Amino acid sequence: QVQLVESGGGLVQAGGSLRLSCAASGRALYSYTMGWFRQAPGKEREFVARITWSGGNTDYADFVKGRFTISRDNAKNTVYLQMNSLKPEDTAVYYCAALHVFGNEYQGWGQGTQVTVSS
């Protein structure tokens, strides 16, 4: 079972940037597609971005395209989410999760990291 720990959240003004990290233990990440999700107060958790095991393919929710970039360093067992041009509506708890190449659901949900964007 993979264990994931998110970090890098904080308070930032609109237009600012943050870089989130997701560190894995228990399993090497090279067999997993990695995803970032977020959940704002009173809302359902939603997909933000994902990256395949090789890093060759990425996918983004429309509301972050052009602003967020997902990347991974399999040697460090870490996935990143670079968030630029942040907006108040990006305020949420951000989670990472892992989808095994032979699996059908994401696993390893951590505690998340809070991102707050002030206007």
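Refer to the preceding data block for the structure.
Report on the accompanying structure. (Residues numbered from 1 in each chain as written. Predicted model: local features only at pLDDT ≥ 70, side-chain atom pairs only at ≥ 80, totals over all residues. Heavy atoms only, no water.)

1. So, the pattern of salt bridges
The test is simple: The working definition used for a salt bridge is a side-chain nitrogen of Lys or Arg within 4 Å of a carboxyl oxygen of Asp or Glu. In this scheme, a residue with accessible area under 20% of its type's maximum is buried, one over 50% is exposed, and one in between is partly exposed, where area comes from a 1.4 Å probe on protein chains only.
According to the stated counting rule, one finds five salt bridges in the structure shown. Between Arg-38 and Glu-46 there is a salt bridge, with its nearest N and O atoms 2.8 Å apart. Its relative accessible area of 6% is what places Arg-38 among the buried residues. By relative accessible area, which is 30% here, Glu-46 ends up partly exposed. Across the salt bridge formed by Lys-65 and Asp-62, the nearest N and O atoms sit 3.2 Å from each other.

2. Some details on the state of the cysteines
Covalently bonding the sulfur atom of one cysteine to the sulfur atom of another cysteine gives a disulfide. The test is simple: Throughout, disulfides are identified as pairs of cysteine sulfur atoms within 2.5 Å of each other. Numbering of helices and strands runs from the N terminus; a helix is a DSSP stretch of H or I covering at least four residues, while a strand is a stretch of E covering at least two.
Tallying each qualifying case throughout the model produces one disulfide. Paired through a disulfide, Cys-22 and Cys-96 show a sulfur-sulfur distance of 1.9 Å. Taking the sign of the torsion about the S-S bond as the criterion, the disulfide between Cys-22 and Cys-96, at about 70 degrees, is right-handed. Here Cys-22, found in strand β3 (residues 18–25), pairs with Cys-96, found in strand β9 (residues 92–100); they are 74 residues apart in sequence, far enough to count as distant.

3. Topic: the side chain of Arg-38
Here is the rule we go by: Identification of polar contacts relies on pairs of N or O atoms within 3.5 Å, with a donor-acceptor requirement for protein atoms, meaning one able to donate a hydrogen and the other able to accept it, and with residues adjacent in sequence counted only if both atoms are side-chain atoms. We call two residues in contact when some of their heavy atoms are within 4.5 Å.
Mapped onto the secondary structure, Arg-38 falls in strand β4 (residues 32–39). A distance of 2.9 Å separates polar atoms of two side chains, one belonging to Arg-38 and the other to Asp-90. Here Tyr-94 takes part through its side chain, which lies 2.9 Å from a polar atom of the side chain of Arg-38. Once residues within four sequence positions are removed from consideration, Arg-38 is found in contact with Glu-44, Arg-45, Glu-46, Val-48, Phe-63, Val-64, Phe-68, Glu-89, Asp-90, Ala-92, Val-93 and Tyr-94.

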